[in-house]
Every structure is written in structure tokens, then in C-alpha cells.
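In case you want the letters, here they are:
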Amino acid sequence: MSVWFVIALVAIVVGVGLLLFDRFRGGATRDRRRWASMREWEYLESDPVLPSRWRYGTIHQGGPGVARNLVSGDVPTPDGPRKAYAFDHEQAGRISSVLCAVQVHESLPAAVELRLPSAPLPDDAGLDLLEPVGERYAFVSDADAVRPLLTPRVADASDAVGEDVELLWAEDAWVLAAAPVGISADRMQDLLADLAEVATALEEGLHARRPAIES
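Keep in mind that what you see is a predicted model, and the values were worked out from it rather than measured. (Residues numbered from 1 in each chain as written. Predicted model: local features only at pLDDT ≥ 70, side-chain atom pairs only at ≥ 80, totals over all residues. Heavy atoms only, no water.)

Any chance you could break down the overall build of the protein for me, citing the residues and the numbers?
Scanning the protein for helices and strands turns up 5 helices and 9 strands. Overall, the protein shows an N-to-C arrangement of helices and strands of α-β-α-β-β-β-β-β-β-α-α-β-β-α. Counting across all 215 residues of the protein, residues that qualify as buried make up 46%. Of all intrachain contacts in the protein linking residues separated by at least 6 positions in sequence, the fraction that spans at least 24 positions is 63%. Total accessible area on the protein is roughly 11200 Å²; 57% of this is exposed by carbon and sulfur atoms. (Helix = DSSP H or I, 4+ residues; strand = E, 2+ residues; numbered from the N terminus. Buried < 20%, exposed > 50% of the residue type's maximum accessible area, 1.4 Å probe, protein only. Contact = heavy atoms within 4.5 Å. Areas by Shrake-Rupley, 256 points an atom, 1.4 Å probe, with all protein chains shown as cover.)

Printed below as a string of C-alpha cells:
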């Protein structure tokens, strides 16, 4: 009798847990869709191709995966709008993070990952530890190319991203961040604005670097 009671109790607990999870996921989807509609951004339930645009950060760690609950649009900045994406990143069949990406107006000469001390070390053999950048450590694919870009403004901008984002990185013409699963729409909006500032700071470093190369 007691065994059947335990089995029934476990089944109830599991059922309630799944129900709450479905409601939470559905609520998060509705919030994301509503957020996109209010800002005239596009919403797409799934995109299996977009994550393959990048190769560093969480893409290298767990594969491109699939973008779920994808929103795309422009982040307004003093230098003009920047293309941006935000989506639930599904890898190996589960949502591993919320990825936010903001476009840089110029392609970067190399890749850089900025990791908090609490973040795991990168497992990419093509990245080497360079130096601290604010509260984060920089791992780069080309030290000579990236070092001039890591200015005090980049350090301040990356610190402003927040401690809930252990990993942010820049490659090609994008700045990306891996945020915790389930972040609110308001937090996502703030994070996109912070990434736009990181992008602006990197561009400033690019402009300062160019005269030195040309001379």
C-alpha cells in the first residue's frame, strides 16, 4: 500500500512540475512576442540556421544548435540603429542560455571572449589568455590585433553588462552575450543596450588603431 502511495505522490509531483514548466515557458514566449510587437521587431518561433553565423563563445562549447523564440530588430544608439537578435539558444535538445547579439558597424580583426572569473575557461585551442579587461579576462584569437581595441571604454562597457552574464564575446561584426535562461524582457532590453555600448567602444578602438597601422 505504501509503495503505491509513494508512486502516486511522485507522479503528482512530476506532473505539477511539468505543468508549471509549460506555463513558465509559455509565459516567457508570450512576453517575448509581446515585447517584439511593442517595438515593431520581428518574432520567429524557430530558426535552425542563425546560430551557425557565429563560432566562438557558447557556439563553440555546445554547437550552433537552434534559435528559439527569436526576436530581431534595431537597437537605437547615438551613432544610429544597430541590428540585433535575441533568442533562446537550444543545444542538444535543451535551452542552454539566452543569446543576445548586436552588430558592430565594422568587422573586427580577430575574436575576443570576455569572461568573468566565475566562468569556465574556454576549451577553444585557438584562444589565448591576453589580460584582464575590467572585471573580466580576455581570451583572444590574435593578441596583436585585439590588444589595441581593449580600451578603458571597452572595460567600462563590459563591466556594465552585469555579473549575471558570465560570458560575452565579439567576432566578425558582432558582439554577443550568453544570459541566463528565463531572463525577463526588460533585462533583455537592457542587455541589448549594454552590448550596443560595447560595440561602440570596440569601434572607437578600431578607429584609433587604423592611423597607427597606416603610419
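With reference to specific residues and values, describe the confidence of the model for the protein.
Per-residue confidence for the protein gives a mean pLDDT of 88; residues scoring 70 or more make up 85%. Long-range and interchain partners of residues 13–25, a stretch whose pLDDT sits below 50, account for 1 contact in this model, where long-range means more than four residues apart. (pLDDT = per-residue confidence, 0-100.)

Residues and numbers for the side chain of Glu-171, please.
Assignment of secondary structure puts Glu-171 in strand β8 (residues 167–171). For the buried residue Glu-171, which engages in no salt bridge, the nearest side chain bearing the opposite charge is Arg-55, 5.7 Å off. The contacts of Glu-171, once residues within four sequence positions are left out, are Trp-54, Arg-55, Tyr-56, Leu-108, Ala-111 and Leu-176. (Lys, Arg positive; Asp, Glu negative; His and termini not counted. Salt bridge = Lys/Arg side-chain N within 4 Å of Asp/Glu carboxyl O.)

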